[in-house]
Amino acid sequence: MEFSMQKVVMVDQDGVVVDTQYQVTQNVTDIVASFRQQGLIIVPNSDTPVQRLKKNIADWLGFAPEVTIGEKGAVISNRGACTFVKNVTGIGEYIRALQNTLARHGASVHAGDSATWIRERKTFPSGQRLLIVDALRQQSIGFYLLVSDSMGATHIDVDWSNEAIAAITQLSLPAGLEPLDYNQSYGIAIAHASGVTKTDGYRVIRGVFGDVLYYMVGDQLADFIDDPCVTHCAVGNATDGYKDRAAFIATADYTAGLAECLRWIAEQ
């Protein structure tokens with residue numbers, strides 16, 4: 001089956017492609033491959049940095065996306081060339097100041113694919129206060145404040161995080177970033193590009209694909225694309241607020257729900 005008009009399907013990662021434990025709930029690689037062969041274009045649209053997002057989609061959905069929207073819409077990768085919606089500057093300087101500041105508080109500093117390290121339970125030098133910086137972010141800042149036990153496994157430590165946050169508040173964030181949002185439950189702090197949403201990323205890719213049919217598969221209001229030209233689909237675990245705006249609601253949760261949404265889109 002060939003689609004009568006080209007369809008671009010934006011897909012959120014967390015809560016859609018994978019569950020809360022970063023696991024797929026159904027192997028959908030064959031389904032995705034079949035729809036892509038028919039001409040369906042799948043564009044990941046997530047808070048995740050584009051480099052990590054591309055790898056995750058390859059691992060979980062079985063293909064390497066040519067166009068990817070990351071960092072909550074702030075970074076768009078089109079065949080390897082990146083577009084920045086806000087072009088925030090000074091992030092590298094801030095990260096260096098952050099590392100130097102917390103090193104003076106006894107932190108062992110590490111920078112790399114932080115979210116993957118934590119998900120895969122990477123071990124670190126034992127008995128350390130840790131600053132783990134997400135080195136893949138280009139237009140936002142993200143880092144973990146954790147401690148390592150005698151085996152090098154990571155844990156949250158309230159005393160360390162409180163001390164670190166107090167020291168960090170003395171640093172000025174680059175202009176164009178929102179204030180740091182620290183989540184004590186996960187030990188992670190993130191500052192996104194100010195005023196940027198997934199809608200901004202969509203507007204950039206609309207310039208790439210032009211006047212075609214656009215869809216968004218999501219699970220929360222942050223996934224809502226503020227354009228009546230976009231048709232929204234919700235996985236079963238989506239919030240009521242997002243479901244209220246969706247043209248189709250899957251019965252299944254997470255990856256299995258994504259498969260339902262793709263089948264519905266293919267039939268439109």
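## Comments concerning helix α8 (residues 254-267)
So, point 1. Its 14 residues place the ends of α8 20 Å apart at the C-alpha level, agreeing with the 20 Å of an ideal helix rising 1.5 Å per residue.
So, point 2. Those residues of α8 lying buried are Tyr254, Thr255, Ala256, Gly257, Leu258, Ala259, Glu260, Cys261, Leu262, Trp264, Ile265 and Ala266.

## A closer look at the sheet that holds strand β4 (residues 75-78)
Whenever strands of a sheet pair, they do so through backbone hydrogen bonds, lying parallel or antiparallel.
So, point 1. Ordered in space as β3-β4-β5, the 3 strands form an open sheet in which the pairing is antiparallel. The open sheet is flanked by β3 (67-70) and β5 (81-84), the only strands paired with a single partner. Between one strand and the next, the sheet's axes are offset by a mean angle of 20 degrees, whatever the strand orientation.
So, point 2. As paired strands, β3 and β4 are joined by 4 bridges and run antiparallel to one another. The residue bridging isoleucine 69 from the neighbouring strand is isoleucine 76, located in β4.
So, point 3. Each of β3, β4 and β5 touches helix α2 (residues 50-61); the most contacted strand, β3, lies at about 125 degrees to it.
So, point 4. Sheet strands in contact with helix α6 (residues 198-209) are β3, β4 and β5, and its direction is about 165 degrees off that of β3.

## Considering the sheet that holds strand β1 (residues 7-11)
So, point 1. Spatial strand order, β2-β1-β12-β13-β14: 5 strands in an open sheet with parallel pairing. Only two strands of the sheet have a single neighbouring strand rather than two, namely β2 (41-44) and β14 (248-249).
So, point 2. Here strand β12 (residues 213-218) pairs with strand β13 (residues 230-234) via 5 bridges, running parallel. From the neighbouring strand, glycine 218 faces β13, where its bridge partner is alanine 234.

## Structural notes on the packing of aromatic side chains
So, point 1. This model, assessed by the stated rule, comprises 3 aromatic pairs.
So, point 2. Judged by centre distance (5.3 Å) and plane angle (85 degrees), the rings of tyrosine 202 and tyrosine 214 are edge-to-face. Residue tyrosine 202 is located in helix α6, and its partner tyrosine 214 is located in strand β12; the two are separated by 12 residues in the primary sequence.
So, point 3. Positioned above the aromatic ring of phenylalanine 124 is the side chain of lysine 122, whose terminal nitrogen or guanidinium carbon lies 5.5 Å from the ring centre.
So, point 4. The ring of phenylalanine 224 has arginine 245 sitting right over it, with the charged end atom 4.5 Å from the ring centre.

Reading the values: rules and limits
Residues numbered from 1 in each chain as written. Predicted model: local features only at pLDDT ≥ 70, side-chain atom pairs only at ≥ 80, totals over all residues. Heavy atoms only, no water. Helix = DSSP H or I, 4+ residues; strand = E, 2+ residues; numbered from the N terminus. Expected span 1.5 Å × (residues − 1). Buried < 20%, exposed > 50% of the residue type's maximum accessible area, 1.4 Å probe, protein only. Pairing = 2+ DSSP bridges. Axes fitted to C-alpha atoms, helices over the stretch in contact; angles between N-to-C directions. Contact = heavy atoms within 4.5 Å. Phe/Tyr/Trp six-rings, centres within 6.5 Å; stacked < 30°, edge-to-face > 60°. Lys NZ or Arg CZ within 6 Å of the ring centre and 35° of its normal.

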